[in-house]
Structure formats: C-alpha cells, structure tokens
Amino acid sequence: MKKWKMAGAFIMLCMFMMLGACSNNNNDTSDKKDHKDEKTVSFKADNGTIDVPANPKKVVVLEASYVGYLLQVGIKPVAAQKLALENPYFEGKLDGTEEVTSDALEKILSLKPDLIITGTTDENIKSLQDIAPTVAFEWGKRDYLENMTTIGQLVNKEKEAKEWIAEWNDKVAANKEKVQSAVGDKTVSIMESFSKGVYVFGDNFGRGGEVIYKALGLKAPEAVQKNVIDKSGFAEVSLENIPEYAGDYIFFGSWAGEESSNDKIKNSTVWKSLPAVKAGNVFPLNPKTSYFSDPVTLDHIMDEIVSNLTGK
C-alpha cells in the first residue's frame, strides 16, 4: 500500500512539473509578443546601419524638422520638440503628443518608443540608443523631396511618400508659370534677423527657400547664389552688406522671440534705402513656421509665397 502511495505522489509531482513548464512556456511566448517587434529591418541612417521596426508605432522625434514628414504619411509622434508643437500648421494633428527634449531620457524611456528620430548633432544619441533604435539624419544632406522619400522608407510608408511627391509636383506645375510671369528676371532673397545680425538663406534651410528657389525656380541675387546657395546654404551678413544680398523681392523675418532685432534692422538707414523696401516688396516670414520645410508646412507656405509674389 505504501508503494502505491509513493507511486501516486510521484505521478502527481510529474504532472505539476509538466503544468509548470507549460505555464512558463506560455508566459515566455506572451512576453515575446508584448516586448519584441514582429519584424525588424536594416536602415542605413547617417549614424550607421540601424535595425528598426518594420512598422513603427510609437515614434519619438527629437528634431522638429522631421515631424511634418511623419504627419504627412499618417504617423503621429508620441513625443516631439516644443517648436514642432507650436507650429500652427500642425494644429489638431499633434493632439496627445508629449513635449520632450533629447536630454529628457527618463521621460523618453517612460513613453516606451519603438523608434527615435533625431539629428546627427544630438549629443545624446548613444544614450537614446539604449532606449530604442535611434536613427539620426544630417540636416542639409538631403533636400526636402529626398527627406520625404527617406523617411517614407524608414517607417514603411513609401507609397504615401510617393503620393505626396506626385501631388506636390502637380501643385508646383500649377503655380510656377504664373509666379515666373509676375516676377520675371527680378531676384528674390530670404533674410532673417537674430540677436547678433542677419542671416541670408538659400534653397535648403527652410524659410521658404525650397519653394522660392527649387520649386518655383526663381532667381537669387548673385551674392546669394555664390556665397549661400552654392556653399553652406546660409550665411551671416553684416548690416552694411545687406544691400549686396538684397533682391528685388525680400522675404524677411526674425528667429522666434527676437522681434526686437528685427525692428533694429528695419529702422536702419541701410534697410530703408533698399529698392525692395521702397517698392513695398518685402514680405513677412512667420517665426513659428518659417523654420520648417516639411510637406505639411510647405503646402501652406507655397500658397503664401504665390499670393505675395502675384498679388492674388
């Protein structure tokens, strides 16, 4: 009888062990489903080749310039910089998106992102890579159309990226001829004041340059073409040298929060003597939107520039 009891106890022990093993296996499978991406792909970024989720769902964007590209292809970031959150053209599109900076590592970690997008100048890239796959882009390395294509590839939205490019090309074609007819051979320049002086911008650093020079094909003053567009894309210019860079039409603004320096330039004798100023051909840049050159913003900026230059 004792042997039968021992045998029965042994059988029961084996059953419990088998059930426990099955339970552990189920938990392992569940954990993997909860914490492991269904699929990853290799993406060649400017900070190396990164394994990223094939279909990212929780994206943190630490370079404001790239937010509009994601919005255009249907992805709302879970977190972004304050500058992007204040862009009026993104109104209603970023509801629920958290404000974050790249050094707020604990907050970023708490959001459990599956992808982080930033710039190559971000000093926290290594720390960010410990949180989630981090892709960095070098600003100015690609134009706005290349950015759209590249980001579309990154988030598996190539179809949507191509659709926007096609729509944009149609919009350019619809506006280019009438703008060129209105402007003719006259030149256009883009200037922005800041605390220490004035910056002149080319065709790849926002402020409407992508629309004015690339999309609409308008002519820049010789000094702008030679010293800005053909070089770094922007240049600091002294007050005395503004006339050399000033076109027949000027788009002029100030960096956000620095309107006082803007007034200082406008009240100078040099500024008041410019032909564009005398002719009333100076148009304002909105400091909350001029920084951006993403699809969402450019769609609005194109309308504004066309209206300014054609008077319609």
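Thresholds applied
Here, residues in each chain are numbered from 1, in the same order as that chain's written sequence. Thresholds applied to this predicted model are a pLDDT of at least 70 for local features of residues and 80 or more for the giving and counting of side-chain atom pairs; totals over whole chains, interfaces and linings are not thresholded and use all residues. For the side-chain quantities, the full set of heavy atoms in the structure was used; hydrogens and water were omitted. Centres within 6.5 Å are what make two rings of Phe, Tyr or Trp a pair, Trp counting through its six-membered ring; a difference in plane orientation under 30 degrees is then read as stacked, over 60 as edge-to-face, and the rest as tilted. The buried label goes to any residue with under 20% of its type's maximum accessible area, the exposed label to any with over 50%, and the partly exposed label to all in between, with areas taken from a 1.4 Å probe on protein chains only. The helix count covers DSSP runs of H or I at least four residues long, the strand count covers runs of E at least two residues long, and both are numbered beginning at the N terminus. Only buried residues count toward a nonpolar core. Its members are Ala, Val, Leu, Ile, Met, Phe, Trp, Tyr and Cys residues joined through side-chain atoms within 4.5 Å. Between two residues, a contact is recorded if the distance between any of their heavy atoms is within 4.5 Å. As a rule, the C-alpha atoms of each element are fitted with a line to give its axis, helices using only the stretch in contact, and angles between N-to-C directions run from 0 to 180 degrees. To sort the angles, those under 35 degrees are grouped as roughly parallel, those over 145 as roughly antiparallel, those from 65 to 115 as roughly perpendicular, and the leftovers as oblique. Should the near helix be turned anticlockwise from the far one by less than a right angle, the crossing is left-handed, and should it be turned clockwise, the crossing is right-handed. Residue polarity follows a fixed list, in which Ala, Val, Leu, Ile, Met, Phe, Trp, Tyr, Cys and Pro are nonpolar, Asp, Glu, Lys and Arg are charged, and the others, Gly among them, are polar. Here the rule is simple: two strands pair whenever DSSP picks up at least two bridges between them. The predictor's confidence in any single residue is recorded as pLDDT, a number from 0 to 100. It is the directions from the helix axis to the C-beta atoms whose arc is reported.

A few words now on the packing of aromatic side chains. Applying the stated criterion to the full structure yields 16 aromatic pairs. Judged by centre distance (6.4 Å) and plane angle (45°), the rings of Y66 and Y69 are tilted. Like Y69, Y66 is buried. Centroid distance Y66 to F137: 5.4 Å. Interplanar angle 55°. Geometry classified as tilted. Here the residue Y66 occupies a position in the loop between strand 3 (59-61) and helix 2 (67-72), and F137 occupies one in strand 7 (residues 134-137), the gap between them amounting to 71 residues. With respect to burial, Y66 and F137 carry one shared label: buried. Of the aromatic side chains, those joined through ring pairs into one cluster are F43, Y66, Y69, F137 and W139.

Let us now look at the nonpolar core. By size, the foremost hydrophobic cluster in this structure holds 76 residues, and its most contacted members are V135, L154, W168, M191 and L309. Setting aside residues up to four positions removed in sequence, W168 forms contacts with Y144, L145, V211, A215, L298, D299 and M302.

Another point: unusual backbone geometry. One non-glycine residue, K112, adopts positive backbone phi at about 50°. Mapped onto the elements, K112 comes out in the loop between helix 4 (105-110) and strand 6 (115-119). Overall, the relative accessible area of 64% leaves K112 in the exposed class. Phi is positive for N156, close to 60°, though the residue is something other than glycine. Here N156 lies in the loop between helix 6 (144-154) and helix 7 (158-183).

A few words on the packing of helix 6 against helix 7. The relative placement of two packed helices comes down to the angle between their axes together with the axis-to-axis distance. At a minimum axis separation of 7 Å, helix 6 and helix 7 run at an interaxial angle of 160°. Accordingly, the angle class assigned to the pair helix 6 and helix 7 is roughly antiparallel. Taken as a pair, helix 6 and helix 7 cross one another with a handedness that is right-handed. Along the contact surface, helix 6 presents Y144, L145, M148, T149, G152 and Q153, while helix 7 presents E158, A161, W164, I165 and W168. Along the lines of polarity and charge, the residues of the contact of helix 6 with helix 7 split into 7 nonpolar, 3 polar and 1 charged.

Attention shifts here to the pairing of strand 6. Of all 5 residues that make up strand 6, 5 are buried, and the element is covered over most of its length. Burial of strand 6 is two-sided: the residues L115, I117 and G119 facing one way and the residues I116 and T118 facing the other way are all buried. Sheet topology places strand 3 next to strand 6; 3 bridges connect them, and they run parallel. Note that in strand 6 the partner of V59 across the bridge is L115. Summarising the sheet, strand 6 and strand 7 pair through 4 bridges and their orientation is parallel.

Here we take up the packing of helix 7 against helix 14 (residues 295-310). One can describe the packing of helix 7 onto helix 14 by two numbers: an axis separation of 10 Å at closest approach and a directional angle of 15°. Between helix 7 and helix 14, the angle is such that the two are roughly parallel. As helix 7 packs across helix 14, the resulting crossing turns out to be left-handed. On helix 14, the residues touching W164, W168, K171, V172, N175, K178, V179, A182 and V183 of helix 7 are P295, L298, D299, M302, D303, V306, L309 and T310. For the contact of helix 7 with helix 14, the per-class residue count stands at 11 nonpolar, 2 polar and 4 charged.

To continue, consider the confidence of the model for the protein. Within the protein, residue pLDDT values average 87, and 85% of them lie at 70 or more. For the stretch residues 1-37, pLDDT sits under 50, and the model shows 3 contacts to residues farther than four places along the chain or on other chains.

This part covers the sheet that holds strand 12 (residues 282-284). Spatially, 5 strands are ordered 10-9-8-11-12 in an open sheet, and the strand pairing comes out mixed. Of all strands in the sheet, those bounded by a partner on one side alone are strand 10 (234-237) and strand 12. For this sheet the average axis-to-axis angle between neighbouring strands, irrespective of direction, equals 30°. As paired strands, strand 11 (residues 249-254) and strand 12 are joined by 3 bridges and run parallel to one another.

Among all positions of helix 9 (residues 222-229), only A223, V224, V228 and I229 are buried. Taken around the axis of helix 9, the buried residues stretch over an arc of 150°, which confines them to a single face. With respect to the buried face of helix 9, the exposed residues turned more than 90 degrees away are E222 and K226.

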